[in-house]
Amino acid sequence: DGGITQSPKYLFRKEGQNVTLSCEQNLNHDAMYWYRQDPGQGLRLIYYSQIVNDFQKGDIAEGYSVSREKKESFPLTVTSAQKNPTAFYLCASSRPGQGIYGYTFGSGTRLTVV
Amino acid sequence: QKEVEQNSGPLSVPEGAIASLNCTYSDRGSQSFFWYRQYSGKSPELIMFIYSNGDKEDGRFTAQLNKASQYVSLLIRDSQPSDSATYLCAVKGSYIPTFGRGTSLIVHP
């Protein structure tokens, strides 16, 4: 079955440490996205990518980095510059076609600073 | 700044009733409108989308869009306890959608 796989499900980060969240999809979707969700908050866009080797900053990109070397993969690195990284991170993908398709989400990664 | 507003709730309805969830948006150029359901601790799941003014029905769900008044709503008929979740409204203009904060729905037996 096609879908989006995020790993790990839970991740603990020490102060000053970089961590990478994995996102892999086999839906053949061109566009991929990273969102952050905090309790009681909506989804906030971190980065998105419409094609391989290209990505754009979202509303809260500071302290995060991404790469898009393959169509199937869009990993997110949470760097030590992100001062408040504890949150639920969601990866999503969508079919090409401007404005007319919704998202398929992965199951999420819950990141906690220890 | 594009805004999407939802009442955070919780909206509490008895089993079998109609649940009505509302969403207003600020960008008049918005073209596509989506409803996602998110169970506690889980990721959102797309349940409805609508592009044209009027109603769109899918099973127990009906999405209603009024572009002139800039609101979109979701009706859930014959509500079940399994419908208890947070419902996120997403509004899309040119490319990236803007999400509301969601409305928590509780369906009690």
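Located above this text is the structure these notes cover.
Now for a description of the structure that goes with this document. (Residues numbered from 1 in each chain as written. Chains lettered and ligands numbered in written order. Predicted model: local features only at pLDDT ≥ 70, side-chain atom pairs only at ≥ 80, totals over all residues. Heavy atoms only, no water.)

This brings us to the state of the cysteines. Residue and element names in this part refer to chain A. One pass over the structure, following the stated rule, counts two disulfides over all chains. Each sulfur of the disulfide joining Cys23 and Cys91 lies 1.9 Å from the other. Residues Cys23 and Cys91 are joined by a disulfide whose S-S torsion is about -75°; by sign, that bridge is left-handed. Of this pair, Cys23 sits in strand β3 (residues 19–25) while Cys91 sits in strand β9 (residues 87–94), and the two are 68 residues apart along the sequence. (Disulfide = S-S within 2.5 Å. Helix = DSSP H or I, 4+ residues; strand = E, 2+ residues; numbered from the N terminus.)

This brings us to the interface of chain B and chain A. Accessible area lost on assembly of the parts is the figure often given for the size of an interface. Each side of the interface is counted separately: chain B has 19 residues, and chain A has 23 residues. Carbon and sulfur atoms supply 52% of the area buried between chain B and chain A, which totals about 1,700 Å² over both sides. Put simply, chain B and chain A have zero salt bridges between them. The tally of links from chain B across to chain A stands at three residue pairs in polar contact (both at pLDDT 80 or more). Elements that contribute at least two residues to the side of chain B that touches chain A include exactly β4 (32–38), β9 (85–92) and β10 (97–99) of chain B. Take the side of chain B that touches chain A: its biggest share by element is four residues, from β4(B). Among the residues making up the side of chain B that touches chain A, the classes are represented as 10 nonpolar, six polar and three charged. (Contact = heavy atoms within 4.5 Å. Buried area = accessible area lost by both parts, 1.4 Å probe. Salt bridge = Lys/Arg side-chain N within 4 Å of Asp/Glu carboxyl O. Polar contact = N/O pair within 3.5 Å; in protein donor to acceptor, adjacent residues only side chain to side chain. Nonpolar A, V, L, I, M, F, W, Y, C, P; charged D, E, K, R; others polar.)

With that out of the way, let us pick up the packing of aromatic side chains. A ring pair, where both rings are aromatic, is described by two values, the distance of the centres and the angle of the planes. Evaluated as defined, the whole model comprises 15 aromatic pairs over all chains. Taking the centre distance of 6.4 Å and the plane angle of 25° together, the rings of A:Tyr33 and A:Tyr48 count as stacked. With A:Tyr33 in strand β4 (residues 31–37) and A:Tyr48 in strand β5 (residues 43–51), this residue pair connects regions lying 15 residues apart in the sequence. You can call A:Tyr33 buried: its relative accessible area is 0%. You can call A:Tyr48 buried: its relative accessible area is 15%. An aromatic cluster is present here, built from A:Tyr33, A:Tyr35, A:Tyr48, A:Tyr103, A:Phe105, B:Phe34, B:Tyr36 and B:Phe99 joined pairwise through their rings. We note A:Arg68 situated over the ring of A:Phe74; from NZ or CZ to the ring centre the distance is 6.0 Å. One cation-aromatic arrangement involves B:Arg60 over B:Phe61; the distance from NZ or CZ to the ring centre is 5.7 Å. (Phe/Tyr/Trp six-rings, centres within 6.5 Å; stacked < 30°, edge-to-face > 60°. Buried < 20%, exposed > 50% of the residue type's maximum accessible area, 1.4 Å probe, protein only. Lys NZ or Arg CZ within 6 Å of the ring centre and 35° of its normal.)

Moving on to the side chain of A:Gln25. Residues and elements named next belong to chain A. Following the sequence through the fold, Gln25 ends up in strand β3. Looking at Gln25, its side chain comes within polar contact range of the main-chain nitrogen of Asn28, at 3.2 Å. At a separation of 2.7 Å, a polar atom in the side chain of Gln25 contacts the main-chain carbonyl oxygen of His29.

It is worth spelling out the side chain of B:Gln6 at this point. Residue and element names in this part refer to chain B. With respect to the helices, strands and loops of the structure, Gln6 is situated in the loop between β1 (4–5) and β2 (11–14). Classification of Gln6 as buried rests on a relative accessible area of 12%. At 2.9 Å, the side chain of Gln6 forms a polar contact with the backbone oxygen of Tyr87. Setting aside its immediate chain neighbours within four residues, Gln6 contacts Asn22, Cys23, Trp35, Tyr87, Leu88, Cys89, Gly100, Arg101, Gly102 and Thr103.

These values are about where atoms sit, not about what they do.
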